[in-house]
Amino acid sequence: MIGIVGIVIVFVMVFGGYLAAGGKMAIIMKSLPFEMTMIGGAAVGAFIIGNDTSSIKHTVKDIAKVFKGTKWKAQDYQDLLCLLFELIRVARRSLVELEPHIEDPENSEIFSKYRKIASDREAVELICDTLRSASMNFDDPHQVEEVLDKRMEANIHHAMHSSHALQTIADGLPALGIVAAVLGVIKTMGSIDQPPEVLGKLIGGALVGTFLGVFLAYGFVGPFAAKLKAVIEEDAHFYGLIREVLVANLHDHPINLCIEVGRQNTPGHVRPGFSVLEDALKEAKQAAA
């Protein structure tokens with residue numbers, strides 16, 4: 001919703017200011033379809049040239065995040081801590097009891113309590129793979145920790161591709177606007193024998209290309225790339241919390257301390273309060289009893 005508000009403000013402030021200064025929309029509206037075809041079409045073509053099919057689909061899908069915002073909310077972070085608490089308790093009690101949960105999470109009673117987390121493939125695999133690795137390499141927790149770090153680094157690098165692709169388009173749009181403007185000047189030079197009022201309209205139409213390229217780059221595509229990057233980084237904290245808690249578990253810290261490490265590493269605006277989390281953990285413990 002806030003993204004739509006931002007788009008409306010951009011349009012109102014730019015064109016409202018232009019009209020208030022005495023500008024006329026007729027020249028812009030007449031040239032807009034042709035300039036948009038050249039600039040927008042070239043930008044789309046360049047985007048297709050620079051990316052494979054998978055990356056294109058990924059970027060198009062990720063644009064929705066600009067308007068939806070982050071996937072993980074405050075309740076999800078609390079649920080994640082409760083989920084990890086239950087899994088670690090089972091692991092400390094018996095690795096045999098843990099095995100059904102990490103080998104078949106879709107049918108796990110613990111995972112089924114937290115549907116949103118259970119539906120996220122990366123979160124589930126990260127948890128299950130790390131707990132599985134911990135059970136096989138308990139004498140060398142640093143080895144598991146290193147593998148975990150590399151995996152998360154690769155995930156964030158892949159997730160950032162959409163933002164980088166949009167930023168590349170934003171960087172190129174002003175230059176494509178100049179290309180369209182130059183073509184407009186070429187067209188104008190072909191009518192050099194026309195009266196000043198005709199030439200003025202032709203030159204104005206040519207300059208619409210420069211305006212449109214800069215306007216799209218800095219008014220929309222660039223901010224979209226920045227917002228998408230912020231959303232991806234914000235969601236990465238969720239997976240980072242998994243890392244922090246499970247790494248603490250690898251070093252055999254008390255369970256409550258492992259969970260508190262995760263709580264302290266949760267972003268402040270979604271961090272559950274100590275007492276609130278404590279009550280949630282007590283409820284989880286009672287439900288498991």
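Residues numbered from 1 in each chain as written. Predicted model: local features only at pLDDT ≥ 70, side-chain atom pairs only at ≥ 80, totals over all residues. Heavy atoms only, no water.

All right, on to the overall build of the protein chain then. Each helix and strand counted, the protein chain has 14 helices and zero strands in total. Start at the N end of the protein chain and walk to the C end: the helices and strands fall as α-α-α-α-α-α-α-α-α-α-α-α-α-α. Relative to a compact globule of 289 residues, whose C-alpha radius of gyration would be 19 Å, the protein chain shows 27 Å and is clearly more extended. Taking the principal axes of its C-alpha atoms as reference, the protein chain extends roughly 90 × 35 × 30 Å. Per-residue burial for the protein chain yields a buried fraction of 40% across its 289 residues. For the protein chain, restricting intrachain contacts to residue pairs at least 6 apart in sequence, the fraction spanning at least 24 positions comes to 78%. In the structure as shown, the protein chain presents an accessible area of about 16000 Å², 63% of it carried by carbon and sulfur atoms. If the 27 positive side-chain charges of the protein chain are averaged to one point and the 34 negative ones to another, these points end up 7 Å apart. (Helix = DSSP H or I, 4+ residues; strand = E, 2+ residues; numbered from the N terminus. Rg over C-alpha atoms; globule rule 2.2 N^0.38 Å. Buried < 20%, exposed > 50% of the residue type's maximum accessible area, 1.4 Å probe, protein only. Contact = heavy atoms within 4.5 Å. Areas by Shrake-Rupley, 256 points an atom, 1.4 Å probe, with all protein chains shown as cover. Lys, Arg positive; Asp, Glu negative; His and termini not counted. Charge placed at Lys NZ, Arg CZ, Asp CG, Glu CD.)

Grouped together as the largest cluster of nonpolar side chains are 42 residues, with contacts concentrated most on Leu-80, Leu-83 and Ile-127. Take this core: its biggest share by element is eleven residues, from helix H5 (residues 74-93). In this structure Ile-127 touches Leu-80, Leu-83, Leu-84, Leu-87, Phe-111, Ile-242 and Leu-246, once residues within four positions along its chain are discounted. Within the second largest apolar cluster, 24 residues are counted, among which are Phe-15, Ala-180, Phe-220 and Leu-228. (Core = buried A, V, L, I, M, F, W, Y, C linked by side-chain atoms within 4.5 Å.)

The subject of this paragraph is the pattern of salt bridges. The full count for this structure, using the stated rule, is 16 salt bridges. Arg-132 is the partner of Asp-129 in a salt bridge, and the nearest nitrogen-oxygen pair spans 2.7 Å. One end of the pair is Asp-129 and the other is Arg-132, both in helix H9 (residues 121-136) and three residues apart, which spans about a single turn. The class for Asp-129 is partly exposed, based on a relative accessible area of 27%. (Salt bridge = Lys/Arg side-chain N within 4 Å of Asp/Glu carboxyl O.)

Across its 29 residues, helix H11 (residues 161-189) extends 42 Å between first and last C-alpha, which sits within 8% of the 42 Å expected from 1.5 Å per residue. In the structure, H11 departs most strongly from a straight axis at Leu-173, where the bend amounts to approximately 35° and where the proline Pro-174 lies between one and four residues downstream. (Expected span 1.5 Å × (residues − 1). Bend = angle between axes of the 7 residues up to and from the residue.)

For the coordinates displayed, the defined rule picks out twelve aromatic pairs. With 5.3 Å between their ring centres and 75° between their planes, Tyr-77 and Phe-238 make a pair best called edge-to-face. Of this pair, Tyr-77 sits in helix H5 while Phe-238 sits in helix H12 (residues 196-250), and the two are 161 residues apart along the sequence. The exposure classification of Tyr-77 matches that of Phe-238, with both residues buried. (Phe/Tyr/Trp six-rings, centres within 6.5 Å; stacked < 30°, edge-to-face > 60°.)

Another point: the layout of surface pockets. One water molecule sets the probe size; rolling that probe over the atoms shows where empty space is left. The volume enclosed by the largest pocket comes to roughly 820 Å³. Around the largest pocket, the lining is made up of 24 residues, and of these His-58, Lys-65, Asp-120, Ala-159 and Tyr-239 lie nearest the centre. Elements with a minimum of two residues in the lining of the largest pocket: helix H3 (53-62), helix H4 (65-68), H9, helix H10 (141-159) and H12. Ranked by residues supplied to the lining of the largest pocket, first place goes to H10 with six residues. Class assignment of the residues belonging to the lining of the largest pocket gives a composition of eight nonpolar, five polar and eleven charged. (1 Å grid on protein atoms, 1.4 Å probe; cavity = no way out; pocket = protein on both sides within 12 Å on 5 of 7 lines; lining within 4 Å. Points joined across faces, edges and corners; volume = space filled by probe spheres on them. Nonpolar A, V, L, I, M, F, W, Y, C, P; charged D, E, K, R; others polar.)

Along its 55 residues, H12 runs 79 Å from first to last C-alpha, staying within 8% of the 81 Å computed at 1.5 Å per residue. In the stretch just after H12, Asp-252 is the one whose phi turns positive, near 60°.

Tracing the sequence through the fold places Asp-62 in helix H3. Sequence-distant contacts of Asp-62, that is, excluding residues within four places in its chain, are made with Ala-159, Ser-162 and Leu-228.

So, on to a positive patch on the surface. A cluster of basic residues, Lys-24, Lys-30, Lys-187 and Lys-201, forms a positive patch at the surface. Considering the arrangement of structural elements, one finds Lys-187 in helix H11. (Patch = residues over 30% accessible without salt bridge, like charges linked within 9 Å, V, L, I, M, F, W, Y side chains within 5 Å.)

Turning our attention to a nonpolar patch on the surface. Taken together, the side chains of Met-1, Ile-2, Ile-4, Val-5, Val-8, Ile-9, Val-12, Met-13 and Phe-67 define a hydrophobic patch exposed on the protein surface, amounting to about 880 Å² of accessible area. Looking at which element gives the most residues to the nonpolar patch, the answer is helix H1 (residues 2-20), with seven residues. Looking at where Phe-67 falls in the secondary structure, it is placed in helix H4. Judged by its relative accessible area of 32%, Phe-67 is partly exposed.

We now examine the confidence of the model for the protein chain. Confidence in the prediction for the protein chain averages 89 pLDDT; 98% of positions are at 70 or higher. Ranking the elements of the protein chain by mean pLDDT puts helix H14 (residues 274-288) last, at 85, and helix H8 (residues 115-118) first, at 94. (pLDDT = per-residue confidence, 0-100.)

Direction vectors running N to C along H10 and H12 enclose 175°, while the axes themselves pass 11 Å from each other. Considering the angle they form, H10 stands roughly antiparallel to H12. For the pair H10 and H12, the contacting residues are Pro-141, Val-144, Glu-145, Leu-148, Asp-149, Met-152, Ile-156 and Ala-159 in the first and Ile-232, Ala-236, Tyr-239, Gly-240, Arg-243, Val-247 and Leu-250 in the second. Across the contact of H10 with H12, the residue classes break down as eleven nonpolar, one polar and three charged. (Axes fitted to C-alpha atoms, helices over the stretch in contact; angles between N-to-C directions. Parallel < 35°, antiparallel > 145°, perpendicular 65-115°, else oblique.)

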